[in-house]
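# Structural features, examined
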Amino acid sequence: MTFCGATTGIEPPLALLAELTHRCPLRCAYCSNPLALDPASRELDTAVWRRVLDEAADLGIIQVHFSGGEPTARKDLEALVAHATGAGLYANLITSAVLLDRARLERLRDAGLQHVQIGFQDTVPAKAEIISGFPGGQPKKLEVARAVTDAGMALTVNAIVQRHNIDRVDDFIDMALELKAGRIEIANVQYYGWALKNRAALMPTHEQLIRMDERVRARLPELTGRLVVDYVVPDYYAKRPKACMGGWGRKFLNVTPSGSVLPCHAAETIPGMTFDRVTERPLADIWANSAAFQRYRGTDWMPQPCRSCDQREIDWGGCRCQALALTGSADNTDPVCELSEHHGLLAGITATDGGTAEVPLTYRSFSL
Amino acid sequence: MTGALGEEDRVRLAPGVMLRQDRVRNHWQLLGPERVLILDEVALEVVRAATAQPPVTVGAAIGALATQFDAPRDEIAADVLEVLADMIAKGFLTR
Ligand code: SF4
Ligand code: SF4
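Basis of the calculations
- Residues numbered from 1 in each chain as written.
- Chains lettered and ligands numbered in written order.
- Predicted model: local features only at pLDDT ≥ 70, side-chain atom pairs only at ≥ 80, totals over all residues.
- Heavy atoms only, no water.
- Helix = DSSP H or I, 4+ residues; strand = E, 2+ residues; numbered from the N terminus.
- Rg over C-alpha atoms; globule rule 2.2 N^0.38 Å.
- Contact = heavy atoms within 4.5 Å.
- Areas by Shrake-Rupley, 256 points an atom, 1.4 Å probe, with all protein chains shown as cover.
- Lys, Arg positive; Asp, Glu negative; His and termini not counted.
- Charge placed at Lys NZ, Arg CZ, Asp CG, Glu CD.
- Salt bridge = Lys/Arg side-chain N within 4 Å of Asp/Glu carboxyl O.
- Buried < 20%, exposed > 50% of the residue type's maximum accessible area, 1.4 Å probe, protein only.
- Arc of directions from axis to C-beta.
- Near = heavy atom within 4 Å.
- Nonpolar A, V, L, I, M, F, W, Y, C, P; charged D, E, K, R; others polar.
- Pairing = 2+ DSSP bridges.
- Axes fitted to C-alpha atoms, helices over the stretch in contact; angles between N-to-C directions.
- Buried area = accessible area lost by both parts, 1.4 Å probe.
- Polar contact = N/O pair within 3.5 Å; in protein donor to acceptor, adjacent residues only side chain to side chain.
- UniProt positions renumbered as here; feature names shortened; annotations may be inferred.
- Parallel < 35°, antiparallel > 145°, perpendicular 65-115°, else oblique.
- Left-handed = near helix turned anticlockwise from the far one by under 90°.

## Digging into the overall build of chain B
Each helix and strand in chain B was counted, giving 3 helices and 5 strands. Ordered by position from N to C terminus, the α and β elements of chain B give β-β-β-β-α-α-α-β. In summary, chain B has a C-alpha radius of gyration of 13 Å against a globular reference of 12 Å for 95 residues, a match within 12%. Sequence separation of 24 or more characterises 54% of the internal contacts of chain B that already satisfy a separation of 6 or more. Total accessible area computed for chain B in this model is approximately 5,100 Å², and 53% of it derives from carbon and sulfur atoms. Seen as two clouds, the 10 positive and the 14 negative side-chain charges of chain B have centres 10 Å apart.

In structure tokens:
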């Protein structure tokens, strides 16, 4: 079965984000999971996930990211990692680490896991707890991080940056070096899901961002060959948008805990979308033909100024979910673009929400 | 870990890096965390020679490649060192 390549002109995807569960012991205020979480009773079972992994490999997917929620809350994670590896996929684990220990990590490595990415809320334990709503997380994360490299797997420190920790970006880099991480992702919070609810409590000031940017750039030369730094300037202060997901329906697909296939993990926020489910349609067919993927794929959907812009096949008009959240319609140019008629909105939001004040957090509601 | 890569050094795949044949796209690639490096025929042989088992020095790998491609050793040495240094900088190989 082939729906891709010569028959349709659509390139095969590179990566699958497999959201195994929305369950998570943490309650991060910046969580990008939807406000309406899938309950455990609606999660796909092991057999369906195995089939999805096979279909993903056949479709040309190279990497699978086991994510969530907290993917280690699933007891069949080892079995799924082994199945993915057996199908020729490169297996990544995106985790908060708090449910892991050395023995399970070794089992996951033996199943073929290559890379573990651990999210860190801060370098100062007490401050990390305020953001995650989870006591005792930091020592556990550090212990698990050490066990990852001891077990011979690649480690990424995912530093989730917002106003309360942005001034410690140097400490995050030092922590990654100390943990022998091969990679650090300096991830400025993206305002979707729970994070959007908490924007006024999280968004940093322009001055903070400029300071962080200077610090990161100053460190880069000494880190070459030691630590890969993936770092993106946060959208709200940028002049041109990012090619969200590398372009809608071009590189990634996302399967939710209950089996919906999304072009990006926030796509469910867009009204009028219908998503196909892995239980109802083969993945290759969904990738090539599903309405959700076709809606914003390529350039045909674009309004002005994108339609006649020479950047249209570089940034693909930016992020649909951001256009929706800020302008009220996902069909608009991402307002991060300075050519957008709505670009002025950003200055308003950064002026009201960007700051350093302590604003009460709304914690992600949780069920385990 | 510091200084330019030399012929006496040894390199290996960095943790979490794997060499893989992509049958859908019909090429070989190095895969690492969030990264893919597509290898042409020459780069593939350089990676194979430099990460051979049991481990060899970069100098020995250059010697093997010179024989394999029937090329003068002096002509390819600098190119091989450059390719390997670049893969180290990108985190695919480590010393
Ligand atoms: S609550 Fe925190 S750790 Fe859990 S899924 Fe959300 S961001 Fe990740
Ligand atoms: S107008 Fe559209 S295509 Fe051009 S830079 Fe802005 S977002 Fe990108």
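## A short note on the pattern of salt bridges
Scanning the model with the defined rule gives 32 salt bridges over all chains in all. The partner of R107 of chain A in a salt bridge is E78 of chain A, with the nearest N and O atoms 3.3 Å apart. Of this pair, R107 of chain A sits in helix α3 (residues 102-110) while E78 of chain A is found in helix α2 (residues 77-86), placing the two residues 29 residues apart along the sequence. Between E45 of chain B and R48 of chain B there is a salt bridge, with its nearest N and O atoms 3.1 Å apart. Taken together, the positions of E45 of chain B and R48 of chain B, both in helix α1 (residues 41-50) and 3 residues apart, correspond to about one turn of that helix. For E45 of chain B, a relative accessible area of 17% corresponds to the buried category. For R48 of chain B, a relative accessible area of 36% translates into the label partly exposed. Connected through salt bridges with shared partners, the residues D170, D174, R215, R219, E222 and R226 of chain A form a single ionic network.

## Details of helix α4 (residues 125-132) of chain A
Residues and elements named next belong to chain A. Restricting attention to buried positions, one finds in α4 the residues A128, I131 and S132. Each buried residue of α4 lies within a common arc of 90 degrees when the element is viewed along its axis, so the set occupies one face. Summarising the contacts, the buried residues of α4 are in contact with α5 (137-150) and α8 (199-202).

## Quick look at the site of ligand 2
Residues in close proximity to ligand 2 include R240, P241, P305, C306, C309, Q311, R312, D315, G317, T333, C337 and L339 of chain A, which together make up its full environment. Partitioned by chemical class, the residues of the shell around ligand 2 number 6 nonpolar, 3 polar and 3 charged.

## What about the sheet that holds strand β4 (residues 35-39) of chain B?
Residues and elements named next belong to chain B. Spatially, β2-β3-β4 is the arrangement adopted by the 3 strands of the open sheet, whose pairing is antiparallel. A single partner strand is all that each edge strand has here, and the edge strands are β2 (18-22) and β4. Going across the sheet, the axis of each strand differs from the next one's by a mean of 30 degrees, ignoring polarity. Where strand β3 (residues 27-32) meets β4, 5 bridges bridge the pair, whose relative direction is antiparallel. Bridge pairing in β4 links Q29 to I38. In the packing of α1 onto the sheet, contacts are made with β2, β3 and β4, and the angle to β4 comes to roughly 110 degrees.

## Focus on the interface of chain B and chain A
Each side of the interface is counted separately: chain B has 20 residues, and chain A has 27 residues. Around 1,600 Å² of area is buried between chain B and chain A when both sides are counted, 59% of it from carbon and sulfur atoms. Contact with chain A buries area across many residues of chain B, yet R25, P33 and E34 of chain B alone supply 33% of it, more than any other trio. The interface formed by chain B and chain A holds 0 salt bridges in total. For the interface between chain B and chain A, the tally reads 7 residue pairs in polar contact (both at pLDDT 80 or more). For the side of chain B that touches chain A, the elements supplying multiple residues, two or more each, are β2, β3, β4 and α3 (73-89) of chain B.

## As for the UniProt feature "domain: Radical SAM core" (unreviewed entry) in chain A
In this numbering, the UniProt entry assigns the feature "domain: Radical SAM core" (unreviewed entry) to residues 10-232 of chain A. Measuring from the first to the last C-alpha atom of residues 10-232 of chain A gives 27 Å, for a span that is 41% helix and 18% strand.

## Quick notes on the sheet that holds strand β1 (residues 15-19) of chain A
Residues and elements named next belong to chain A. Strand order in the open sheet made by the 9 strands is β7-β6-β5-β4-β3-β2-β1-β8-β9, with mixed pairing throughout. Two strands close off the open sheet at either side, each with one partner strand: β7 (228-231) and β9 (261-262). Pairing of strand β5 (residues 154-161) with strand β6 (residues 183-188) involves 6 bridges; the strand directions are parallel. Bridged to N158 within β6 is E185. Each of β1, β2 (63-67) and β8 (252-255) is contacted by helix α1 (residues 46-59), which is oriented at about 170 degrees to β1, the strand it contacts most. Against the sheet, α5 makes contact with β4 (115-120) and β5, and its axis sits at roughly 160 degrees relative to β4, the strand it touches most.

## Considering the UniProt feature "binding site: [4Fe-4S] cluster" (unreviewed entry) in chain A
Residue and element names in this part refer to chain A. With numbering matched to this structure, UniProt assigns "binding site: [4Fe-4S] cluster" (unreviewed entry) to C24, C28 and C31. Along the polypeptide, C24 turns up in the loop between β1 and α1. Note on C24: relative accessible area 9%, which makes it buried. You can see C28 is positioned in the loop between β1 and α1.

## What about the packing of helix α6 (residues 169-178) of chain A against helix α9 (residues 206-223) of chain A?
Residue and element names in this part refer to chain A. Here α6 crosses α9 at 30 degrees, and the two axes come no closer than 9 Å. Looking at the two axes, α6 sits roughly parallel to α9. Relative to α9, α6 is oriented so that their crossing is right-handed. Note on element contacts: α9 touches α6 through M212, R215, V216, R219 and L223, opposite V169, D170, I173, D174 and L177. For the contact of α6 with α9, a count of residues per class yields 6 nonpolar, no polar and 4 charged.

## What about the packing of helix α2 (residues 58-69) of chain B against α3 of chain B?
Residue and element names in this part refer to chain B. Running from N to C, α2 and α3 cross one another at 125 degrees; their axes reach a closest spacing of 9 Å. The angle between α2 and α3 falls in the class oblique. α3 is crossed by α2, and the crossing has right-handed handedness. For the pair α2 and α3, the contacting residues are V58, G59, I62, G63, L65 and A66 in the first and R73, I76, A77, V80, L81 and L84 in the second. For the contact of α2 with α3, the per-class residue count stands at 9 nonpolar, 2 polar and 1 charged.

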